[in-house]
Amino acid sequence: MALPRFSRCIICNKPFRLSKGASAKQRVCSAPECRQEAHRRACARWRKKHPTYDRETRLAKRLVRKTTLADWLREPMAAIDWAQARDDVGLATAVLVEEWAKVFLVWARETVRLQIAEAKRLSHEVPFPRAREKVSAKLE
Ligand SMILES: [Zn+2]
């Protein structure tokens, strides 16, 4: 039979029995005040480690427009409120990001278009007619 394990609460400093199955990491007793204080300290540590999280989240919420998947696929640039971006990050940064996004979109579309064209070209080199049909059907 295992002996009961004890620890000392880091909040109230009273000894307490570790709950069954609890890891040795349990540092806080079961008193609601101690649990609440431990939670408050954990949140404070998290906020100190991620000081800009709330600002980032609010900014992202302002900049990203709600859109349908179909609209987003048709016009991905419309997913961002660029006028709001200029207000929030400044004209130069917003224009740089917007122009880079346009360049990247053209590159991505052209790369995919070229890959499909190359795959279609190669499919004509497939020696067996049935396999050629299968490859062509997948590319449609
Ligand atoms: Zn305690």
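Residues numbered from 1 in each chain as written. Predicted model: local features only at pLDDT ≥ 70, side-chain atom pairs only at ≥ 80, totals over all residues.

The secondary structure content of the protein amounts to six helices and two strands. When the elements of the protein are put in sequence order from the N terminus, they spell out β-β-α-α-α-α-α-α. Over its C-alpha trace the protein gives a radius of gyration of 29 Å, far above what one expects of a compact globule, namely 14 Å for 140 residues. Over its C-alpha atoms, taken along the principal directions, the protein stretches across nearly 80 × 55 × 25 Å. (Helix = DSSP H or I, 4+ residues; strand = E, 2+ residues; numbered from the N terminus. Rg over C-alpha atoms; globule rule 2.2 N^0.38 Å.)

To continue, consider the packing of helix α2 (residues 53-63) against helix α4 (residues 82-89). Between α2 and α4, whose axes approach to 9 Å, the crossing angle comes to 150 degrees. Considered as vectors, α2 and α4 are oriented roughly antiparallel to each other. Judged by residue contacts, Leu59, Arg62 and Leu63 of α2 engage Gln84, Ala85 and Asp88 from α4. Its residues placed into classes, the contact of α2 with α4 shows three nonpolar, one polar and two charged. (Axes fitted to C-alpha atoms, helices over the stretch in contact; angles between N-to-C directions. Parallel < 35°, antiparallel > 145°, perpendicular 65-115°, else oblique. Contact = placed C-beta atoms within 7 Å. Nonpolar A, V, L, I, M, F, W, Y, C, P; charged D, E, K, R; others polar.)

In this structure, Arg45 sits in helix α1 (residues 32-49). On the basis of neighbour counts, which here come to 10 C-beta atoms within 10 Å, the residue Arg45 falls in the exposed class. With 40 residues separating them along the chain, Arg45 and Ala85 place their C-alpha atoms 31 Å apart. (Buried ≥ 20, exposed ≤ 12 C-beta atoms within 10 Å, placed from the backbone.)

Moving on, we get to unusual backbone geometry. Residue Asn13 is not a glycine yet carries a positive backbone phi of 70 degrees. With respect to the helices, strands and loops of the structure, Asn13 is situated in the loop between β1 (6-8) and β2 (15-17). Residue class for Asn13 comes out exposed when judged on the 9 C-beta atoms lying within 10 Å of it.

So, about the packing of α4 against helix α5 (residues 91-123). The N-to-C vectors of α4 and α5 enclose an angle of 140 degrees; their axes lie 7 Å apart at closest approach. Overall, the two elements α4 and α5 adopt an arrangement that is oblique. Judged by the sense of rotation from one axis to the other, the crossing of α4 with α5 is right-handed. Contact with α4, carried on its side by Trp82, Ala85, Arg86 and Val89, involves Leu91, Thr93, Ala94 and Glu98 of α5 and no other residues of that element. Grouping the amino acids of the contact of α4 with α5 by side-chain chemistry returns five nonpolar, one polar and two charged. (Left-handed = near helix turned anticlockwise from the far one by under 90°.)

With that settled, the discussion passes to the confidence of the model for the protein. Looking at the protein as a whole, its pLDDT mean stands at 89, while 96% of the residues score no less than 70. Mean pLDDT values for the elements of the protein range from 74 in helix α6 (residues 129-139) up to 96 in α1. (pLDDT = per-residue confidence, 0-100.)

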